[in-house]
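Inside the fold
Next come the chains, spelled out residue by residue.
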Amino acid sequence: MKAIWYDATGPAREVLQYGDRPTPEPGHGQALIRVKASGVNPSDAGMRAGPAAMAYPRITPNSDGAGIVEAVGPGVAAAWVGKRVWFYNGQRNGRAFGSAAEYIELDTDLLMELPDGVSFAQGATLGIPCMTAHRSLFVAGPVQGRTVLVTGGAGAVGHYAVQLAKWAGATVIATVSSEEKAERARAGGADHVIDYRQEKVARRVRELTDGEGVHHVVDVDFGGNIATTLQVVRVNGSVAFYATKGAREPVVPAGALMGLNLGVHGVYLPITPPEARKRAQQDITRWIATGERILSVAGRFPLEDCAGAHELVEAGAKVGTVVVEP
């Protein structure tokens, strides 16, 4: 099969190689998938770029994707063969060879059927971003009838969190950094959008909630936003964060957290409990089947130009997920 791989970290065009690799065979509990679209996450590009050491001597990048099951291994029902599927964690959790290839073999618990109305490219945008959004949204419990603040509501994870929150019956407030991103958040279902470069987020949230604050925060930057979070979340509320780039080691006022009886949840998908990941897969599949969803493909590249896809992700201006298509 044709595949992409790298044997050392560095710039995409210097280290990514394209050529022939052995076609994998499905083992016990696994399915062999013909990859139709491979999603590139910032973490995929970051692992390839370094400076962290190689996790394995040789890596085929990209964790997410979509395709068609062509064969199954022992212990797997033959009914899987021929199914359209979306998947995640292709190059995670002890796996060196990801989805930037014509074929990938995966445990069937990493697969879900892809509804007919969803293209393979759209299916490849799910995986890590949407699964992370789901966990961040529901980690503290149901959100129906509650008010949720999503910071970075136009980003890959944030935009899915906005859409899933509306699907689940929440009132959604989203923060963004431009009018273009505000329009994207509104299109996803946000009831209120705050441009944090133009308005004081805490004051505006308090206005929108009649001084009560929000029940739950899905946060793209725990350290950078902690001061604001403590002003906008209500007593007995919660915050779930999946990144903290604004302050890698933030000073957290423990007394203020105690005073709010605030639940704080760090979200890291690879070690999320299996039952929570399964629920996320099931909910996401039900949601995308409704047709009322935005699955944004930011760019499409042939497999041999996987470097171009990684470069677009690294440029930081994309809207949605960049896809590589074998």
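Please refer to the structure higher up on the page.
Report on the accompanying structure. Because the structure is predicted, anything quoted here is derived from the model rather than measured. (Residues numbered from 1 in each chain as written. Predicted model: local features only at pLDDT ≥ 70, side-chain atom pairs only at ≥ 80, totals over all residues. Heavy atoms only, no water.)

1. Here's the deal with the overall build of the protein
- Each helix and strand counted, the protein has 11 helices and 15 strands in total.
- In terms of C-alpha radius of gyration, the protein reaches 20 Å, essentially the compact-globule figure of 20 Å for 326 residues.
- Across its three principal directions, the C-alpha atoms of the protein cover 60 × 40 × 35 Å.
- By the burial criterion, 54% of the 326 residues in the protein qualify as buried.
- Across the protein, the fraction of contacts at a sequence separation of at least 24, relative to all contacts at a separation of at least 6, is 69%.
- For the protein, the exposed surface amounts to about 14000 Å²; the carbon and sulfur share of it is 50%. (Helix = DSSP H or I, 4+ residues; strand = E, 2+ residues; numbered from the N terminus. Rg over C-alpha atoms; globule rule 2.2 N^0.38 Å. Buried < 20%, exposed > 50% of the residue type's maximum accessible area, 1.4 Å probe, protein only. Contact = heavy atoms within 4.5 Å. Areas by Shrake-Rupley, 256 points an atom, 1.4 Å probe, with all protein chains shown as cover.)

2. Here we look at the packing of helix α4 (residues 127-138) against helix α10 (residues 274-289)
- One way to put it is that α4 packs onto α10 with a least axis distance of 9 Å and a crossing angle of 110°. Relative to α10, the element α4 is oriented roughly perpendicular. Contacts between α4 and α10 involve C130, M131, H134, R135 and F138 from the former and A276, R277, R279, A280, Q281, D283, I284 and W287 from the latter.
- Split by residue class, the contact of α4 with α10 holds seven nonpolar, two polar and four charged. (Axes fitted to C-alpha atoms, helices over the stretch in contact; angles between N-to-C directions. Parallel < 35°, antiparallel > 145°, perpendicular 65-115°, else oblique. Nonpolar A, V, L, I, M, F, W, Y, C, P; charged D, E, K, R; others polar.)

3. A word on the packing of aromatic side chains
- Counted according to the given criterion, the structure contains two aromatic pairs.
- Centroid distance Y160 to W287: 6.0 Å. Interplanar angle 90°. Geometry classified as edge-to-face. Here the residue Y160 occupies a position in helix α5 (residues 156-167), and W287 occupies one in helix α10, the gap between them amounting to 127 residues.
- Overall, Y160 belongs to the buried group, its relative accessible area being 4%.
- Taking the centre distance of 4.4 Å and the plane angle of 25° together, the rings of F222 and F241 count as stacked. Of the two residues, F222 sits in helix α8 (residues 222-232) while F241 sits in strand β12 (residues 233-241), which places them 19 residues apart along the sequence.
- A cation over an aromatic ring shows up here: R21 above the ring of W5, its NZ or CZ 6.0 Å from the ring centre.
- Its end group placed over the ring of F138, R279 keeps NZ or CZ at 4.6 Å from the ring centre. (Phe/Tyr/Trp six-rings, centres within 6.5 Å; stacked < 30°, edge-to-face > 60°. Lys NZ or Arg CZ within 6 Å of the ring centre and 35° of its normal.)

4. Quick notes on the sheet that holds β12
- The six strands lie next to each other as β10-β9-β8-β11-β12-β13, forming an open sheet whose pairing is parallel. The open sheet has two edge strands with one neighbour each: β10 (192-195) and β13 (263-266). For this sheet, the mean angle separating the axes of adjacent strands, direction not counted, is 15°.
- In this sheet, strand β11 (residues 214-219) lies alongside strand β8 (residues 147-150) in parallel orientation, the contact comprising three bridges. What sits directly across from L149, in β11, is V217.
- Here α4 sits on the sheet and contacts β8, β11 and β12; the angle it forms with β11, its principal contact strand, is near 155°. (Pairing = 2+ DSSP bridges.)

5. What about the nonpolar core?
- Core analysis: the largest hydrophobic core is formed by 56 residues, its most contacted members being I33, W86, L111, L126, L137, I284 and I288.
- Excluding residues within four positions of it along the chain, L111 makes contact with A31, I33, V69, W80, V85, W86, F87, L106 and Q281.
- Grouped together as the second largest cluster of nonpolar side chains are 18 residues, V201, F222, F241 and L260 included. (Core = buried A, V, L, I, M, F, W, Y, C linked by side-chain atoms within 4.5 Å.)

6. Observations regarding the environment of Y6
- Structurally, Y6 can be placed in the loop between β1 (2-5) and α1 (12-15).
- A C-alpha to C-alpha distance of 6.6 Å links Y6 and T60, two positions 54 residues apart in sequence.
- Residue contacts for Y6: discarding those within four places in its chain leaves V15, L16, M47, R48, M54, P57, R58, I59 and P61.

7. Topic: α5
- Compared with an ideal rise of 1.5 Å per residue, which puts 12 residues at 16 Å, α5 spans 17 Å between its outermost C-alpha atoms and is within 8% of the ideal.
- Looking at the packing, one finds that the buried side of α5 touches α4, β8, β9 (171-176), α6 (179-187), β11 and α10.
- Phi turns positive one or two residues past the end of α5, at G169, with a value near 95°. (Expected span 1.5 Å × (residues − 1).)

8. A few points about the side chain of T60
- As for its placement among the helices and strands, T60 is situated in the loop between α2 (42-49) and β4 (64-72).
- Engagement of the side chain of T60 in a polar contact is seen with the backbone oxygen of I4, the distance being 2.9 Å.
- T60 has contacts with I4, W5, Q91, A96, F97, G98, A100 and A101, leaving out every residue within four places of it along the chain. (Polar contact = N/O pair within 3.5 Å; in protein donor to acceptor, adjacent residues only side chain to side chain.)

9. Regarding the environment of A174
- Examined against the element boundaries, A174 turns out to sit in strand β9.
- On the basis of relative accessibility, which here comes to 0%, the residue A174 falls in the buried class.
- Between the C-alpha atom of A174 and that of A254, which follows or precedes it by 80 residues, the distance is 26 Å.
- Excluding residues that lie within four positions of it along the chain, A174 makes contacts with V150, G153, V162, A185, A190, H192, V193 and I194.

10. Regarding helix α7 (residues 201-208)
- Of the residues making up α7, those classed as buried are V201, A202 and V205. Projection of α7 onto a plane perpendicular to its axis shows the buried side chains occupying an angular sector of 95°, all on one side.
- Where the residues of α7 are buried, they touch β8, β9, β10, β11 and α8.
- A positive backbone phi angle near 55° is found at D210, which sits one or two residues after α7. (Arc of directions from axis to C-beta.)

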